[in-house]
Amino acid sequence: MFISIEYQPRLVENSLAFKKSSTRNNYICDPRIERGGMGKLHFFLFSIISFAIGSCANSDSEDDQKDGFKAVADVHSYANIEDIRTEHLHLDLEVDFERKKIEGVARHEMSDHKTTTAIFDVKALNIQKVTLGKDDEIGTDFEIGDEDEILGRPLTVKIKPDTKYINIYYSTTDETEALDWLDPILTTGKKHPFMYTQGQAILTRSWIPIQDSPTNRITYSADVKVPQDLMAVMSASNPTKKSATGEYHFEMKQPIPAYLIAIAVGDLTYTKLGDRSGVYSEPELAEACGYEFADLPKMVDAAEKLYGDYQWDQFDMVILPYSFPFGGMENPRLTFANPTLLAGDQSLVSVVAHELAHSWSGNLVTNATWNDFWLNEGFTVYFENRIMEALYGEEIANIHKFIEFQDLTATVEDMENGDHPEDTHLKLHLDDRDPDEGMSDIAYVKGAFFLRTLESKVGRKKFDAFLKAYFTKHAFETITTEDFVEYLRTELLEPNNIKFNVEEWIYQPGIPDNCIEVHSKRLEYMAELAKEVNEGEMIFIGSGANLERNDFITQEWVAFIRGLSDSISPQTMAELDEKLAFSQSANRVIKLEWFQLAIRTGYKSARPYMREHLVKIGRRWLVEGIYETLMESDDPSDQEFARSVFDEAKEHYHYVTRSTVQEILDAH
Ligand code: BES
Ligand code: ZN
């Protein structure tokens, strides 16, 4: 609870969300009431209002969409966004590397409203004071409710029905979940510190006091001061050179949801790759970036050809330190990316295609709530693969699809036997749960296969026209699953007289029977090779075929390793490793597959390399499967190994990865 002495909160009792606190002599927002009782009340009110104006959740979004705001209840935000919402945010911030804090003011310019309270989301923030008016003319009262472990706290500000500007003075704390502060030793250059944010899904509230719901879109600007030897970049207009003073100004003129506000600060240099694309990285990585991402301009062109103009002017990337918990994050104008993409052979560029695709699916047309997350990711995986096909051909695209499908079937099987079998539905119900739990192969791959199956039914030409119209019609809007289902019915299925099991795909478990099949000759060949090894023949790596690591691309080796049996001997593993050097591969995706097999086959010589991987890499997907396999092993020394590595690594992980791995360890 952080309340300034200057502006002691006074009682503001105007909604059911407030109840008398037994521990404090003031009133608080009770998250349980807010999320249960109040959530329902909101929903009830929405229903009445929707009914009265003749639009409901199923209606075409044109009717209920106002300036990028969608009137649907979001269980993952406290904001009273239906009463009052931010239209523009100006951030005035200083990034203090000494104290590892961001400090400053969030100046919210609000929509017209008639309310006397504005509720924002905050988590682990120190709120110093709140003022009203463009020039801070009026001081006001505020209060901060109890903490909910997932949602954080509601910050309730007392305002007047004509209040246009709400200015929140704050600083971040050591508990912030969005921020990662890296000492120089954890960067490539090892001379300068680094800091970046990760906002999706609901972490923005831990570095900005904000209405942290994708149901609303805002424009933003920022004035940011950083140490003079560092450069700051944001999901906005960006500098290409360091400023002499360490001061930077940013503008994001297109309205975006809160989760896409992001900043990175470090020793950065810009490598231009085309008219509207380039990559920011530490100088030491600039050359490697230039090679690895050379196709970026071609990707943007291919994407535009498929589904319409790129709406964000510039498509740049910034390469963050190894701790970045994702492969990529689609922050508009500036994708944040993990240095593990620098494989040296352009074999991991599908992640770039993926983040680029989000410029349409996700950033232009945004999931209204985290229960509709598949609308962001399923469409993006579909679109990503179309970009890959356009640039590298059908076989490469199929290779990716095949691997995805393997992942999906494994995930469905796991989930069906887990605590939440209903999580295999595309439309989720994550009430009372962390939206992060929706980030699974269901949203990504089942979502993409739903679209691929639809495509195969209606034909590519019609399907592409439909998708292009969808992105154009709903540009800068937020959308629910129900909106999409309705749009699909009226714009594609009915006009073409097509029957399709849409309901089953979206609201039922598992993978429907009509899901398309994918084949890849090249991966089938790799499976054959693996079978030979399983059957005890090592000829193909010996004098026979004499294969080399460079004969196949990353995904082919992944298929090969997946084809190897858990019962092959540690001796065979050692022979393979000697010949193909998987344990020492520069490619972290191959290492991920190999280390899991090493654990299952008891090939302990891989451990030093596994330790190096787990300590250096913070990209969650590249480590969580390894920790899980270690914890599931029958050999107790594997669990000991996992715990000891995590002890060493956890300081280097971002909160997102640290908390996931901690959960894996705690579950055993
Ligand atoms: N937007 C996601 C990352 C994300 C999702 C962060 C949910 C927080 C909550 C990003 O576009 C993504 O999917 N990244 C993947 C790329 C892969 C699927 C090609 C990753 O990082 O692995
Ligand atoms: Zn994505």
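Residues numbered from 1 in each chain as written. Chains lettered and ligands numbered in written order. Predicted model: local features only at pLDDT ≥ 70, side-chain atom pairs only at ≥ 80, totals over all residues. Heavy atoms only, no water.

K.L.:
Tell me about the packing of aromatic side chains, and name the residues and values.
P.N.:
Taken as a whole and assessed by the stated rule, the structure comprises 39 aromatic pairs. Arranged with centres 5.4 Å apart and planes meeting at 55°, the rings of Tyr 470 and Phe 471 form a pair that is tilted. For the pair shown, Tyr 470 and Phe 471 are each scored as buried. When the ring centre of Tyr 169 is taken as reference, the NZ or CZ atom of Lys 129 above it lies at 4.5 Å. (Phe/Tyr/Trp six-rings, centres within 6.5 Å; stacked < 30°, edge-to-face > 60°. Buried < 20%, exposed > 50% of the residue type's maximum accessible area, 1.4 Å probe, protein only. Lys NZ or Arg CZ within 6 Å of the ring centre and 35° of its normal.)

K.L.:
Describe the confidence of the model for the protein chain, naming the residues involved and giving the relevant values.
P.N.:
Overall, the prediction assigns the protein chain a mean pLDDT of 91, with 89% of residues at 70 or greater. Contacts of residues 1-63 to residues separated by more than four positions or lying in other chains number 115 contacts, the stretch itself having pLDDT below 50. (pLDDT = per-residue confidence, 0-100. Contact = heavy atoms within 4.5 Å.)

K.L.:
Residue-level account of the sheet that holds strand β7 (residues 117-122), with values.
P.N.:
On the basis of which strands lie adjacent, the open sheet formed by three strands has the order β7-β11-β10 and antiparallel pairing. The open sheet has two edge strands, β7 and β10 (142-144), and neither has a second partner. Direction aside, the axes of adjacent strands within the sheet are offset by 20° on average. The pairing of β10 with strand β11 (residues 153-158) spans three bridges and is antiparallel. Across the sheet, residue Phe 142 finds its bridge partner in β11, namely Val 157. (Pairing = 2+ DSSP bridges. Helix = DSSP H or I, 4+ residues; strand = E, 2+ residues; numbered from the N terminus. Axes fitted to C-alpha atoms, helices over the stretch in contact; angles between N-to-C directions.)

K.L.:
Break down the coordination of the zinc ion (ligand 2) for me, with residues and values.
P.N.:
Binding of the zinc ion (ligand 2) to the protein goes through His 354 (NE2), His 358 (NE2), Glu 377 (OE) and Glu 377 (OE), at separations of 2.0 to 2.7 Å. If you look at the zinc ion (ligand 2), its six donor atoms make angles of 53 to 160° with each other, and the shape they trace is irregular. Here the donor residues of the zinc ion (ligand 2) are spaced in sequence according to H-x3-H-x18-E. Linking His 354 in helix α5 (residues 350-357) with Glu 377 in helix α6 (residues 373-392), this pair joins segments that are 23 residues apart in sequence. By relative accessible area, which is 8% here, His 354 ends up buried. Using a relative accessible area of 2% as the deciding quantity, one classes Glu 377 as buried. (Donors = N, O, S within 2.8 Å, 3.2 Å for Na, K, Ca; no water. Tetrahedral: all angles 85-135°; square planar, octahedral: opposite > 155°, others 65-115°.)

K.L.:
Before we move on, could you go through the sheet that holds strand β22 (residues 328-329) and cite the residues and values that matter?
P.N.:
Strands sit in the order β19-β20-β21-β23-β22 across an open sheet of five strands; the sheet is mixed. Both edges of this open sheet fall to β19 (269-272) and β22, since each of them pairs with a single strand only. The pairing of β19 with strand β20 (residues 277-281) spans four bridges and is antiparallel. Note that in β20 the partner of Thr 271 across the bridge is Val 279.

K.L.:
Describe the packing of helix α9 (residues 460-473) against helix α10 (residues 481-493), listing the residues and the values that go with them.
P.N.:
Here α9 crosses α10 at 130°, and the two axes come no closer than 11 Å. One finds that α9 runs oblique with respect to α10. Seen from above, α9 lies across α10 with right-handed handedness. Contacts between α9 and α10 pair Lys 462, Phe 463, Phe 466, Ala 469, Tyr 470 and Lys 473 from the former with Phe 484, Tyr 487, Leu 488, Glu 491 and Leu 492 from the latter. (Parallel < 35°, antiparallel > 145°, perpendicular 65-115°, else oblique. Left-handed = near helix turned anticlockwise from the far one by under 90°.)

K.L.:
Kindly report on the site of ligand 1, identifying the contributing residues and their values.
P.N.:
Near ligand 1 you find 16 residues, and of these Gln 200, Gly 327, Glu 330, Glu 355 and Tyr 444 are the closest. At 3.2 Å from a nitrogen atom of ligand 1 is found a main-chain nitrogen or oxygen belonging to Gly 328. Between ligand 1 and Arg 619 there is a distance of 3.4 Å, counted from an oxygen atom to a side-chain nitrogen or oxygen. For ligand 1, whose free accessible area comes to 520 Å², the fraction covered by protein is 90%. If you tally residues by element for the shell around ligand 1, the top one is α5, at three residues. (Near = heavy atom within 4 Å. Polar contact = N/O pair within 3.5 Å; in protein donor to acceptor, adjacent residues only side chain to side chain. Areas by Shrake-Rupley, 256 points an atom, 1.4 Å probe, with all protein chains shown as cover.)

K.L.:
Quick one: what's the story with the side chain of His 425, residue by residue and with numbers?
P.N.:
Along the polypeptide, His 425 turns up in the loop between α7 (394-416) and α8 (441-458). Assessed through its relative accessible area of 18%, His 425 is described here as buried. Here Tyr 507 takes part through its backbone oxygen, which lies 3.2 Å from a polar atom of the side chain of His 425. In this structure, His 425 is in contact with Ile 442, Lys 446, Ile 506, Tyr 507, Gln 508 and Pro 509, ignoring residues within four places of it in sequence.

K.L.:
With reference to specific residues and values, describe the packing of helix α12 (residues 521-534) against helix α13 (residues 554-563).
P.N.:
Put simply, α12 and α13 touch, their axes get as near as 8 Å, and they point 35° apart. The chirality of how α12 crosses α13 is right-handed. Along its contact with α12, which presents Arg 522, Leu 523, Met 526, Leu 529, Ala 530, Val 533 and Asn 534, the element α13 presents Gln 555, Glu 556, Trp 557, Ala 559, Phe 560 and Gly 563.

K.L.:
I'd like to hear about unusual backbone geometry, residue by residue, with values.
P.N.:
With omega at 0°, the peptide bond leading from Gln 200 into Ala 201 counts as cis. Considering the arrangement of structural elements, one finds Ala 201 in the loop between β14 (194-197) and β15 (218-225). In the Ramachandran plot, Lys 190 falls in the positive-phi region, its phi being about 65° despite a non-glycine side chain. Looking at the element boundaries, Lys 190 is found in the loop between β13 (179-182) and β14. Of note in the backbone geometry, Asp 313 takes a positive phi value of approximately 65° without being a glycine. With respect to the element layout, Asp 313 can be found in the loop between α4 (296-307) and β21 (315-319). Relative accessible area serves as the criterion here: at 48%, Asp 313 is assigned to the partly exposed category.

K.L.:
Can you tell me about helix α14 (residues 570-580), naming the residues and giving the values?
P.N.:
Within the span of α14, buried status applies to Thr 572, Met 573, Leu 576, Asp 577 and Leu 580. Take α14 and look down its axis: the buried residues cluster within an arc of 140°, on one side only. α14 presents Gln 571 and Glu 578 as exposed residues on the side facing more than 90 degrees away from its buried surface. For α14, the secondary structure elements touched by its buried residues are α12, α13 and α15 (588-601). Ala 581 lies just past α14 and shows a positive phi near 50°. (Arc of directions from axis to C-beta.)

K.L.:
An account of a negative patch on the surface is requested, with residue identities and associated values reported.
P.N.:
A cluster of acidic residues, Glu 413, Asp 414, Glu 416, Glu 628 and Glu 632, forms a negative patch on the protein surface. Mapped onto the elements of the fold, Glu 416 is located in helix α7. (Patch = residues over 30% accessible without salt bridge, like charges linked within 9 Å, V, L, I, M, F, W, Y side chains within 5 Å. Salt bridge = Lys/Arg side-chain N within 4 Å of Asp/Glu carboxyl O. Lys, Arg positive; Asp, Glu negative; His and termini not counted. Charge placed at Lys NZ, Arg CZ, Asp CG, Glu CD.)

K.L.:
Before we move on, could you go through the pairing of β15 and cite the residues and values that matter?
P.N.:
Looking along a regular strand, one sees the side chains alternate between the two faces of the sheet. In terms of burial, β15 is largely enclosed, as six of its eight residues are buried. Pairing geometry for strand β5 (residues 86-96) and β15, over seven bridges, is parallel. Counterpart to His 88 in the pairing with β15 is Thr 219.

K.L.:
Can you lay out α6 for me, pointing to particular residues and giving the numbers?
P.N.:
Look at α6: 28 Å from first C-alpha to last across 20 residues, which is about the 28 Å you get at 1.5 Å a residue. Counting buried residues along α6, 17 of its 20 residues qualify, which places the element largely inside the surrounding structure. Among the residues trailing α6, Gly 393 stands out with phi positive, at a value near 95°. (Expected span 1.5 Å × (residues − 1).)

K.L.:
Please provide a residue-by-residue account of the pairing of strand β6 (residues 101-110), values included.
P.N.:
Most of β6 sits inside the fold, with eight of its ten residues counted as buried. Sheet analysis places β5 next to β6, joined by ten bridges and oriented antiparallel. Directly across from Glu 94, in β6, lies its bridge partner Glu 103. Both β6 and strand β12 (residues 165-172) contribute to a ladder of seven bridges, which runs antiparallel. When the sheet's bridge partners are listed, Glu 109 is paired in β12 with Tyr 165.

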